[in-house]
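# Coordinate analysis (summary)
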Amino acid sequence: MSQPKRKLPIRPQSLIMMFFAGCISSIAVTMFLAPVQLYDSGIAGTSMLLWQVTPDAFSISFFLVVLNIPLFLFGLRKQGLEFTINAVWAVIVFSAASHIVPEFLPFDVSSASPFAGNDLLLCALFGGLIAGIGSGLSIRFGGAIDGIEVMAVIFAKRLGISVGTFVMIYNILQYIVIGIVFSSWIHPLYSIVTYCVAIHAVDFIVDGLDKAKSAMIVTSKEQEISEALSEAFGKGITHINARGYYSDVDRTIIYFVVNRFQIARLKSIVTEIDRNAFITITEVSDVLGKSVKNSV
């Protein structure tokens, strides 16, 4: 009897997107941040700092690999093989592109951005935006481009803080060290702008404009409301039986997933049918399954 084929722990689509993520991130560093001595967040920022304070033989690319890959391998058991392969590949591309791209550019990027010159604000804004797009792509397609995110997943809970707080603390400490080392706070402060812009770019790429919201509607007119919602938005309605604690009256909870543009219409439909309906709307981190995908 033949053995079933083992599924490879990698997907070509993911590797392709990791390649683009690494290239995009390298553009942010080589064309906007490094030329004016601004710093990316996480290990990329640490690599830029070490590159500046060590001999010329050590490059940003060198530190990106040396610092990132051990962190991804350390998190292998927690994150899984597919994630680790994607992340290591993204870092290798990021590192290689950061080394190769400046060599083939028809202009000098050693002291000024080819697009924003020495304007620190423009470099911070666009460097953060592009870096966030690269990082967001890597996360969306099952990887990462910064080992600090992996360490945050592993240690944040043990420290009693969130993953986002862990990353934020690391970056704040990093910018403080940079300010102390160079006895100047201008570049660290602009680097915080870069970090803030990058966070919003990551959220947009990972969650998209069509971010899902879940609505829970407690009502005694479940049939009328469900029919109206179904006609307006399509399928994906779930009924949950419930009983009021104080009233001791049976109620039905309607569970429904919408996007941010549909919330106002949903509220209007529900309150028009049942003014006493109790509605809660919460953010959904991810939605799987075609039955809960709704059209605008």
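Below, the structure is looked at part by part. (Residues numbered from 1 in each chain as written. Predicted model: local features only at pLDDT ≥ 70, side-chain atom pairs only at ≥ 80, totals over all residues. Heavy atoms only, no water.)

### Focus: the sheet that holds strand β3 (residues 250–259)
Cut-off, in case you're wondering: Here, strands pair whenever DSSP counts at least two bridges between them. Secondary structure elements are defined from DSSP: runs of H or I of at least 4 residues count as helices, runs of E of at least 2 residues count as strands, and each element is numbered from the N terminus. Think of each axis as a best-fit line through the C-alpha atoms, taken over the contacting stretch in the case of a helix, with angles from 0 to 180 degrees between the N-to-C directions. It only takes one pair of heavy atoms within 4.5 Å for two residues to be counted as in contact.
In space, the four strands of this open sheet follow the order β2-β3-β1-β4, with antiparallel pairing throughout. Whereas interior strands pair on both sides, the edge strands pair on one side only; in this sheet they are β2 (238–243) and β4 (278–283). The average undirected angle you get between the axes of adjacent strands in this sheet is 25°. When β2 meets β3, the two strands line up antiparallel, connected through six bridges. Bridge pairing in β3 places Ala 242 opposite Arg 251. Packing against the sheet, helix α10 (residues 222–233) makes contact with β1 (212–219), β2 and β3, and its axis sits at approximately 10° to β3.

### Points about the packing of aromatic side chains
Filter applied, for reference: Any Phe, Tyr or Trp ring, taking Trp's six-membered ring, that has another such ring centre within 6.5 Å forms a pair; planes under 30 degrees apart are called stacked, those over 60 apart edge-to-face, and the others tilted.
Per the stated rule, a full pass over the model turns up ten aromatic pairs. Ring geometry for Phe 62 and Phe 63: centres 5.2 Å apart, planes at 75°, overall edge-to-face. Pairing Phe 233 with Phe 256 gives two aromatic rings, centres 5.8 Å apart and planes at 45°, and the pair type is tilted. Here Phe 233 is found in helix α10, whereas its partner Phe 256 is found in strand β3, with 23 residues between them in sequence. Through pairs of rings, three or more aromatic residues link up here, namely Phe 32, Phe 115 and Phe 126.

### Let's talk about helix α5 (residues 81–104)
Each turn of an α-helix holds 3.6 residues, which means side chains three or four residues apart point in the same direction. Worth spelling out the cut-off: Here a helix's expected span is defined as the number of its residues, less one, multiplied by 1.5 Å.
Compared with the 34 Å implied by 1.5 Å per residue over 24 residues, the 34 Å span of α5 between its first and last C-alpha is a close match. Its buried side turned inward, α5 meets α1 (12–33), α2 (42–53), α3 (60–74), α4 (76–79) and α7 (147–159).

### Details of the environment of Ser 220
As a reminder, the rule being used: The buried label applies to any residue whose accessible area, calculated with a 1.4 Å probe on protein chains only, is under 20% of its type's maximum; exposed applies above 50%, and partly exposed to all values in between.
Summarising the element assignment, Ser 220 is placed in the loop between β1 and α10. We classify Ser 220 as partly exposed; its relative accessible area is 48%. For Ser 220 and Ile 253, which are 33 residues apart along the polypeptide, the C-alpha to C-alpha distance reads 8.9 Å. Residues in contact with Ser 220, not counting those within four places in the same chain, are Arg 251 and Asp 274.

### A look at the side chain of Ser 26
Mapped onto the secondary structure, Ser 26 falls in helix α1. Exposure remark for Ser 26: the relative accessible area of 1% places this residue in the buried category. Aside from chain neighbours lying at most four places away, what touches Ser 26 is Met 31, Phe 94, Ala 97, Ser 98 and Val 101.

### Things to note about the packing of α3 against α7
The cut-off we apply is this: Each angle gets one of four labels, with under 35 degrees taken as roughly parallel, over 145 as roughly antiparallel, 65 to 115 as roughly perpendicular, and the rest as oblique. By convention, the crossing between two helices is left-handed when the near helix turns anticlockwise from the far helix through less than a right angle, and right-handed when the turn is clockwise.
Running from amino to carboxyl end, α3 crosses α7 at an angle of 30°, the nearest separation of the two axes being 8 Å. When the axis of α3 is compared with that of α7, the two are roughly parallel. Considering the relative orientation of α3 and α7, their crossing is left-handed. Contacts between α3 and α7 involve Asn 68, Leu 71, Phe 72 and Phe 74 on the former and, on the latter, Gly 147, Ile 148, Val 150, Met 151, Ile 154 and Phe 155.

### Some thoughts on the pairing of β1
Burial analysis of β1 places six of its eight residues in the buried class, which makes it a mostly covered element. The pairing of β1 with β3 spans eight bridges and is antiparallel. By the bridge assignment, Ala 215 is partnered in β3 with Phe 256. Where β1 lies against β4, six bridges are found, and the strand directions are antiparallel. Across the sheet, residue Val 218 finds its bridge partner in β4, namely Phe 278.

### Comments concerning a nonpolar patch on the surface
Quick note on the threshold: Think of a patch as exposed residues, more than 30% relative accessible area, with no salt bridge, where like charges cluster within 9 Å and nonpolar side chains (Val, Leu, Ile, Met, Phe, Trp, Tyr) cluster within 5 Å. Each accessible area is a Shrake-Rupley estimate made with a 1.4 Å probe; only the visible protein chains count as cover when residues are assessed. Every case where a carboxyl oxygen of Asp or Glu lies within 4 Å of a side-chain nitrogen of Lys or Arg is listed as a salt bridge.
A cluster of nonpolar side chains, namely Met 168, Ile 169, Ile 172, Leu 173, Ile 176, Ile 180, Trp 185, Leu 189 and Ile 192, defines an oily patch on the protein surface of about 830 Å² accessible area. If you list the elements that add at least two residues to the nonpolar patch, you get α8 (163–182) and α9 (186–207). Its place among the elements puts Ile 169 in helix α8. Look at Ile 169 and you get partly exposed, because its relative accessible area is 37%.

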